[in-house]
Amino acid sequence: MEVYQGKSVFGGIAIGRISVHKKDEQQVKRVKIENPDLEIARYRQARQTAMEQLQNLYQKALKEVGEANAAIFEIHQMMLEDDDYNESIENIIHMQQVNAEYAVASTGDNFAQMFASMEDDYMRARSADVKDISERVLSVLGGRTAGMAASEEPVIIVADDLAPSETVQLNKDLVLSFVTVHGSVNSHTAILARTMSIPALIGTDIPLTDAIDGKLGIVDGRNGCIYVDPDEDTLSKMQQLKQEEQEKKELLDLYNAISGKHYEDPELLEINTLENAIYMTMKNDLSFLIDFRLSLYEHQSTYSPNLPLRNLFYISDLYSGMTKNSNLYGTKLVEIPAPQFVIFYNGIKEMPDRTVLRLSDAYSVKDEHPALELAAVMLNINRGHNEKLKELCKSLKDYSEYTARVREYANIMPISEAVEQAICECIQEGILAEFLTQNRAEAKQVSIYEYDEEKHMRQEREASWEEGWTTGRMELLKELIQKKLSKGMSVSEIAIELEEEEALISELIQELEK
């Protein structure tokens, strides 16, 4: 295992294969020409083509990474139209009677050095932009296509530095992390990494050799390092941290969807669940602090009007733990975070999109203004309910769809086959794909258990109802028989009157006589 240090520009953990990107240096030769005017015209045509390419890149970036990040390509177009830049190139061609490639390369190097020597960090970072536009024009002049080789799987890209035109042409779904030897916090690669919310390192002392290309790597954006070919202990530890990080990210997405906020840093969340809960495996009771609020999220597949009372007990324990070192008998107010109770319901009983459950509903004496109130919002997340909310949180939407498919298929095939079909379809369609792929066996086991538990509870309720109905019917028959007997009717007459078997009537009479 090798460990290389760098400077982190965005935190997080990425685990995957390393793809080393080495630029093909464009070898430019100084060639004498006989017709400078023709060569200048050739340069101007190449510059126009480069301008068109940059406009296309701007439109692509606008759709994928937003206007702020796309603006770099407008800046590149402005650079290509800069009088000083163009006059330098055309003067070299005319005065020295040399080819356009040499003039572009010389001007690009001079301007890049000029920007690199500036004191301002932002202006120094523009040195890479000058190199990028010059490389683009050289590619057009040489009939080459600018860009990076495409990858077929998500990778950690390791490079000396990356130009904006290179990063924007990448398939973002196949980029796990950026690691560069050079670059700055204001470089386009760093800005793009922050926009994509993926870990990235700059100034990394990593060798750009074939020896590391294709090897497993771990980028630790929190500690600013990359592990190459990690040992089992390191890999296991980082996989666990990455899973916790992903769960926090999904929880933050869920909180943003519920609250209408736009937090981006999962580290703002402080999870303080009394007992660990894994959201996707449908375990209950998840509590966390953010925005000076204490949020309690709970998943339920069975409706219960007693949820507010359970929440009261739960939050009492949490507040007790938070204030155990506070002086509750002092004169200074002990502040506590405001609570929020949300229940995500996906049971089979039909429920509205939103239901407010109140603790006061359980009070035997109803007061207009109860001294103690607790309101819990229950949101129905079944298919066809709260669709706008689920559009704001992909994990919630995916979970809803997955459970809906399991139930749908369980009606026409054994539950194990239903779960397997739902898992296969969801992975193929990108629904909880990463979670189901990594936790397939566990997810299948949990889904089968929960479906069986749900079915068992439903059967128990049905059996209880049938038992109660039968008991009630027998009691009613006894009352009717008692009345008929008081009128002097015989067993056969009572049986005919009540349309029951004589044997049953005789049995019930014996019970009445006991």
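The structure this text deals with has already been given above.
Treat the numbers as computed from the prediction; the structure is a model and nothing was measured.

Undergrad: Could you clarify how one ought to interpret the environment of methionine 1 in this entry?
TA: With respect to the helices and strands, methionine 1 occurs in the segment before strand E1 (2-5). Each C-alpha atom, one on methionine 1 and one on tyrosine 227, is 6.8 Å from the other, the two residues being 226 residues apart in sequence.

Undergrad: Would you take a moment to explain unusual backbone geometry for this structure?
TA: Backbone geometry follows two general trends: most residues other than glycine have a negative phi, and most peptide bonds adopt the trans configuration. Its identity is not glycine, yet aspartate 229 carries a phi of approximately 55 degrees, on the positive side. Within the fold, aspartate 229 resides in the loop between strand E8 (225-228) and helix H8 (232-259). Notably, asparagine 386 is not glycine yet its phi reads approximately 50 degrees, a positive angle.

Undergrad: How do you make sense of the packing of aromatic side chains when you look at a structure like this?
TA: Any two aromatic rings considered together are summarised by their centre-to-centre distance and by the angle between their planes. Tallied over the full model, the rule gives four aromatic pairs. Ring geometry for tyrosine 85 versus phenylalanine 111: centroids 5.7 Å apart, planes at 85 degrees, classification edge-to-face. Within this pair, whereas tyrosine 85 is found in helix H3 (residues 83-96), its partner phenylalanine 111 is found in helix H4 (residues 100-116), the two being separated by 26 residues in sequence. There is no split in this pair, since tyrosine 85 and phenylalanine 111 are both buried. Here the aromatic rings of phenylalanine 288 and tyrosine 297 are separated by 5.0 Å at their centres, their planes lie at 85 degrees, and the arrangement is edge-to-face. For phenylalanine 288, a relative accessible area of 0% gives the class buried.

Undergrad: Would you take a moment to explain the environment of isoleucine 75 for this structure?
TA: As for its position among the elements, isoleucine 75 is in helix H2 (residues 67-80). Among the residues examined, isoleucine 75 registers a relative accessible area of 26% and is labelled partly exposed. Taking the C-alpha atoms as reference, isoleucine 75 lies 59 Å from phenylalanine 313; in sequence the two are 238 residues apart.

Undergrad: I'm lost on H8 in this one. Help?
TA: For an α-helix, the turn length of 3.6 residues means that residues three or four places apart are oriented alike. Given a rise of 1.5 Å per residue, 28 residues ought to cover 40 Å, and the 40 Å separating the end C-alpha atoms of H8 matches this to within 8%. By the burial criterion, the buried members of H8 are Thr234, Leu235, Met238, Lys248, Leu251, Leu252, Leu254, Tyr255, Asn256 and Ala257. With a side-chain oxygen positioned 3.3 Å from the backbone nitrogen of aspartate 233, the residue opening H8 is aspartate 231.

Undergrad: Sorry if this is basic, but what is going on with the packing of helix H1 (residues 36-65) against helix H5 (residues 121-142) here?
TA: Two packed helices can be described by the angle between their axes and the distance between those axes. Orientation of H1 relative to H5, taken along the N-to-C sense of each, is 120 degrees, at an axis distance of 9 Å. Comparing their axes, H5 and H1 come out oblique. Of the two elements, H1 crosses H5, and the hand of that crossing is right-handed. Note on element contacts: H5 touches H1 through Arg136, Val137, Val140 and Leu141, opposite Arg42, Tyr43, Ala46, Thr49, Ala50, Gln53, Leu54 and Leu57. The residue inventory of the contact of H1 with H5, partitioned by class, reads eight nonpolar, two polar and two charged.

Undergrad: Help me understand the packing of helix H11 (residues 394-410) against helix H12 (residues 415-428), please; the structure alone is not making it clear to me.
TA: Put simply, H11 and H12 touch, their axes get as near as 8 Å, and they point 140 degrees apart. By the angle between their directions, the pair H11 and H12 is classed as oblique. Remark: the crossing between H11 and H12 carries right-handed chirality. Facing H11, whose interface residues are Tyr402, Arg405, Val406, Tyr409 and Ala410, H12 presents Ile415, Ala418, Val419, Gln421, Ala422, Ile423, Glu425 and Cys426. Split into classes, the residues belonging to the contact of H11 with H12 amount to 10 nonpolar, one polar and two charged.

Undergrad: Help me understand the sheet that holds strand E10 (residues 286-290) in this model?
TA: Sheet strands pair by backbone hydrogen bonding; their relative direction is either parallel or antiparallel. In spatial order, the strands read E9-E10-E11-E12-E14-E13; together these six strands make up an open sheet with mixed pairing. Two strands bound the open sheet, and with one partner strand each, they are strand E9 (270-271) and strand E13 (354-358). Taken together, the four bridges between strand E12 (residues 338-345) and strand E14 (residues 375-380) define a ladder with parallel strand orientation. Each bridged residue has a counterpart across the sheet, and for phenylalanine 344 the counterpart in E14 is leucine 379. Along the sheet, H8 makes contact with E9, E10, strand E11 (293-300), E12 and E14, crossing E11 at roughly 100 degrees.

Undergrad: Got a minute to help me understand the state of the cysteines in this structure?
TA: According to the stated counting rule, one finds zero disulfides in the structure shown. We note that cysteine 393 lacks a disulfide partner, and the nearest cysteine sulfur, in cysteine 426, lies 16 Å from it. Take cysteine 393: its relative accessible area is 0%, and that puts it in the buried class.

Undergrad: Would you explain the sheet that holds E1 in this entry?
TA: Strand order in this open sheet of eight strands is E1-E8-E7-E3-E4-E5-E6-E2, and the pairing throughout is mixed. The open sheet has two edge strands, E1 and strand E2 (7-10), and neither has a second partner. The average undirected angle you get between the axes of adjacent strands in this sheet is 30 degrees. The pairing of strand E3 (residues 13-21) with strand E4 (residues 155-159) spans five bridges and is parallel. Residue pairing in the sheet places valine 20 in a bridge with valine 158 of E4. Along the sheet, H8 makes contact with E3, strand E7 (216-220) and E8, crossing E3 at roughly 115 degrees.

Undergrad: When you look at the pairing of E12 in this model, what are you seeing that I'm missing?
TA: For a regular strand, side chains alternate in direction, first toward one face of the sheet and then toward the other. Sheet analysis places E11 next to E12, joined by eight bridges and oriented parallel. Looking across to E12, one finds that serine 295 is bridged to glutamine 340.

So, how was this worked out
- Residues numbered from 1 in each chain as written.
- Predicted model: local features only at pLDDT ≥ 70, side-chain atom pairs only at ≥ 80, totals over all residues.
- Heavy atoms only, no water.
- Helix = DSSP H or I, 4+ residues; strand = E, 2+ residues; numbered from the N terminus.
- Phe/Tyr/Trp six-rings, centres within 6.5 Å; stacked < 30°, edge-to-face > 60°.
- Buried < 20%, exposed > 50% of the residue type's maximum accessible area, 1.4 Å probe, protein only.
- Expected span 1.5 Å × (residues − 1).
- Polar contact = N/O pair within 3.5 Å; in protein donor to acceptor, adjacent residues only side chain to side chain.
- Axes fitted to C-alpha atoms, helices over the stretch in contact; angles between N-to-C directions.
- Parallel < 35°, antiparallel > 145°, perpendicular 65-115°, else oblique.
- Left-handed = near helix turned anticlockwise from the far one by under 90°.
- Contact = heavy atoms within 4.5 Å.
- Nonpolar A, V, L, I, M, F, W, Y, C, P; charged D, E, K, R; others polar.
- Pairing = 2+ DSSP bridges.
- Disulfide = S-S within 2.5 Å.

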